[in-house]
Amino acid sequence: GALALELGGHFVFGFVVGAATRRLRYALLAGAAAVAVDVDHVLWLMGVQTDRRASHALLFLLASAPLVGLVFATETRQRLLTGVVIAGAVVSHLAFDALYGESGFPLLSPFTFSLVVLPPWAGVALEAAAFAGVLAVALALRERPVRPRR
């Protein structure tokens, strides 16, 4: 029921953002990453002391995106695109949460744990911004064919 909707919704929102690259592997990566943002919930359910929303902070986005790019990509363009796709996936996760009622996020954690409340319409804006950001970087990094000199 509700868990399937949440996991499926996060995956679809992430997949859409990754699809801006026009590459299936990045779409699948973004879908999986958007779901993985909730790993803090799993740790909390297992009894590990953690802030259940820590992965919903901007610091998490800034730390995870380049780290995943460095670990899972070998070439500079791939690293950059992978990092941007991961950042887009985290934003798409927030977009889904905002649209479906989880509107309080500790975006500035660990500096302040006050929740930033996002209205549902912000989810649409966040998803569009994530898609546009990934698309812009994917287009900028697209390899241009070398034209022979005349």
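Coordinates for the structure precede this section.
Residues numbered from 1 in each chain as written. Predicted model: local features only at pLDDT ≥ 70, side-chain atom pairs only at ≥ 80, totals over all residues. Heavy atoms only, no water.

This next bit is on the packing of helix α2 (residues 24-36) against helix α5 (residues 76-99). As a packed pair, α2 and α5 sit with axes 8 Å apart at the nearest point and diverge in direction by 45°. What the angle tells us is that α2 and α5 run oblique. The two elements α2 and α5 meet at a crossing, and its hand is right-handed. Where α2 abuts α5, its residues Arg 25, Tyr 26, Leu 29, Ala 30, Ala 33 and Ala 34 lie against Gln 78, Leu 81, Thr 82, Val 85, Ile 86, Ala 89, Ser 92 and His 93. Here the residues of the contact of α2 with α5 are counted per class, giving nine nonpolar, four polar and one charged. (Axes fitted to C-alpha atoms, helices over the stretch in contact; angles between N-to-C directions. Helix = DSSP H or I, 4+ residues; strand = E, 2+ residues; numbered from the N terminus. Parallel < 35°, antiparallel > 145°, perpendicular 65-115°, else oblique. Left-handed = near helix turned anticlockwise from the far one by under 90°. Contact = heavy atoms within 4.5 Å. Nonpolar A, V, L, I, M, F, W, Y, C, P; charged D, E, K, R; others polar.)

What follows concerns the nonpolar core. Most often, soluble globular proteins keep nonpolar side chains buried together rather than apart. One finds Leu 81, Val 85, Ala 89 and Val 134 to be the most contacted residues of the largest nonpolar core, which totals 16 residues. Elements with a contribution of two residues or more to this core: α2, α5 and α6 (120-141). With residues near it in sequence (within four places) discarded, Val 134 still touches Val 17, Ala 20, Thr 21, Val 84, Val 85 and Gly 88. Grouped together as the second largest cluster of nonpolar side chains are five residues, Leu 94, Ala 98, Phe 105 and Ala 122 included. (Core = buried A, V, L, I, M, F, W, Y, C linked by side-chain atoms within 4.5 Å. Buried < 20%, exposed > 50% of the residue type's maximum accessible area, 1.4 Å probe, protein only.)

Our next topic: the packing of aromatic side chains. Enumeration over the complete set of coordinates arrives at three aromatic pairs. Their ring planes at 35° and their centres at 5.9 Å tell us that Phe 11 and Phe 15 sit as a pair that is tilted. Residue Phe 11 and its partner Phe 15 are located together in helix α1 (residues 2-19), separated by four residues, close to a single helical turn. You can call Phe 15 partly exposed: its relative accessible area is 29%. (Phe/Tyr/Trp six-rings, centres within 6.5 Å; stacked < 30°, edge-to-face > 60°.)

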